[in-house]
Amino acid sequence: MTTRVRVAVLISGSGTNLQAIFDAQDAGTLAAEVALVISDRADAYGLQRTLRRDVPAAFLPLPRAPKAERAAVRAVWEDRMLALLNAYQPDIIVSAGFLRVLSGRFLETCGCPVINQHPALLPDGGGDTVTLADGRQIPALRGLGVVAQALALGLPVTGCTVHRVTPLVDDGPVLAHAEVPVLPGDTESTLHERIKMEERRLIVEVLQTFRQL
Ligand code: GRF
């Protein structure tokens, strides 16, 4: 009997990557079970996708706080998330469009690997540039707004990356990546949609190989 990998998914938005995991689970191409979904936003459509399937879902907002109290408030928020995760015992945590940075303490305490999807190419092992398959180099784009940045910089190619999460933002060992050409007339939304098509394929592929990660 194959044991199903228990996946916790962290989201902030529409959850099309989460849906790709659900779909692969339904199709029998992924021996995984989404055990828990956590969103930091109440209006994340991924929450609706989750509730429709009777999968446990939690809305865990990060409260606004004055600068002096922010670190303490964030630590309590992470503790609550850790307590929830502990209750559902995932084998892996997938940050799928989750727009929050997780602390080193969280990563050390959560008890399983955390992986992240990023809508740009990242170098394996850090650095400021990425070498494309054809040998050209492009800048590594980290943080938010990287699809718009790829367009603004006139990059010929961008892409997406699935990587292990480390305390450094959008860094950590690369598990999978895909290049996506920037086409004439692309807008942020057309380009991001093509990137997301690749992201949905990659996240399922990475989870399929999870036992070897
Ligand atoms: C993806 O492009 C992911 O890389 C980025 O946010 C998007 C999430 O999309 N961080 P969705 O919510 O899974 O549709």
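Fair warning: this is a prediction, and the values are worked out from it, not measured in the lab. (Residues numbered from 1 in each chain as written. Predicted model: local features only at pLDDT ≥ 70, side-chain atom pairs only at ≥ 80, totals over all residues. Heavy atoms only, no water.)

Student: Please set out the side chain of serine 95 residue by residue, giving values where relevant.
Tutor: Topologically, serine 95 is positioned in strand β4 (residues 92–95). Residue classification places serine 95 among the buried positions, given a relative accessible area of 4%. Excluding residues that lie within four positions of it along the chain, serine 95 makes contacts with Leu10, Ile115, Asn116 and Gln117. (Helix = DSSP H or I, 4+ residues; strand = E, 2+ residues; numbered from the N terminus. Buried < 20%, exposed > 50% of the residue type's maximum accessible area, 1.4 Å probe, protein only. Contact = heavy atoms within 4.5 Å.)

Student: I'd love a proper account of the pairing of strand β1 (residues 5–11), names of residues and values included.
Tutor: Of all seven residues in β1, six are buried; the element is thus mostly enclosed. When β1 meets strand β2 (residues 32–39), the two strands line up parallel, connected through seven bridges. When the bridges of β2 are listed, valine 9 appears paired with valine 37. Between β1 and its parallel partner β2, the chain crosses via helix α1 (residues 16–27), and the hand of that crossover is right-handed. (Pairing = 2+ DSSP bridges. Right-handed = clockwise from strand over helix to strand, strands pointing away.)

Student: Describe the site of the ligand, listing the residues and the values that go with them.
Tutor: The ligand sits among Gly13, Ser14, Gly15, Thr16, Asn17, Gly97, Gln117, His118, Pro119, His192, Lys196 and Glu199. In this structure, an oxygen atom belonging to the ligand sits 2.7 Å away from a side-chain N or O atom of histidine 192. Protein chains shield 90% of the accessible area of the ligand, which is 370 Å² for the free molecule. Contributions of two or more residues to the shell around the ligand are made by α1, β5 (114–118) and α6 (188–208). Here the shell around the ligand is composed, by residue class, of one nonpolar, nine polar and two charged. (Near = heavy atom within 4 Å. Polar contact = N/O pair within 3.5 Å; in protein donor to acceptor, adjacent residues only side chain to side chain. Areas by Shrake-Rupley, 256 points an atom, 1.4 Å probe, with all protein chains shown as cover. Nonpolar A, V, L, I, M, F, W, Y, C, P; charged D, E, K, R; others polar.)

Student: Can you tell me about helix α3 (residues 67–88), naming the residues and giving the values?
Tutor: For α3, spanning 22 residues, the distance from its first C-alpha to its last is 32 Å, which sits close to the expected 32 Å at 1.5 Å a residue. Residues of α3 that are buried include every one of Trp77, Glu78, Met81, Leu82 and Leu85, and no others. Buried positions in α3, seen along its axis, are confined to an arc of 145° and lie on one side of it. For α3, the exposed residues lying more than 90 degrees away from the buried face are Ala68, Ala72, Arg80, Asn86 and Ala87. Packing partners of the buried residues in α3 comprise β1, β2, β4 and α4 (104–109). Glutamine 89 lies just past α3 and shows a positive phi near 45°. (Expected span 1.5 Å × (residues − 1). Arc of directions from axis to C-beta.)

Student: Provide a residue-level description of the packing of aromatic side chains, including the pertinent values.
Tutor: One pass over the full model with this rule turns up one aromatic pair. Consider the rings of tryptophan 77 and phenylalanine 98, whose centres lie 6.2 Å apart with planes at 15°: the pair is stacked. Here the residue tryptophan 77 occupies a position in helix α3, and phenylalanine 98 occupies one in the loop between β4 and α4, the gap between them amounting to 21 residues. Taken individually, tryptophan 77 and phenylalanine 98 each receive the classification buried, so the pair is uniform in this respect. (Phe/Tyr/Trp six-rings, centres within 6.5 Å; stacked < 30°, edge-to-face > 60°.)

Student: Quick rundown of the pattern of salt bridges? Include the residues and the values.
Tutor: If the charged atoms of two oppositely charged side chains come close together, the side chains can form a pair. Enumeration over the complete set of coordinates arrives at 13 salt bridges. The partner of glutamate 78 in a salt bridge is arginine 105, and the shortest N-O contact between them spans 3.8 Å. With glutamate 78 in helix α3 and arginine 105 in helix α4, this pair connects stretches of sequence that are 27 residues apart. On the basis of relative accessible area, glutamate 78 is assigned to the buried category, the value being 2%. Take arginine 105: its relative accessible area is 37%, and that puts it in the partly exposed class. The closest approach of N and O atoms between arginine 194 and aspartate 186, which form a salt bridge, is 2.7 Å. (Salt bridge = Lys/Arg side-chain N within 4 Å of Asp/Glu carboxyl O.)

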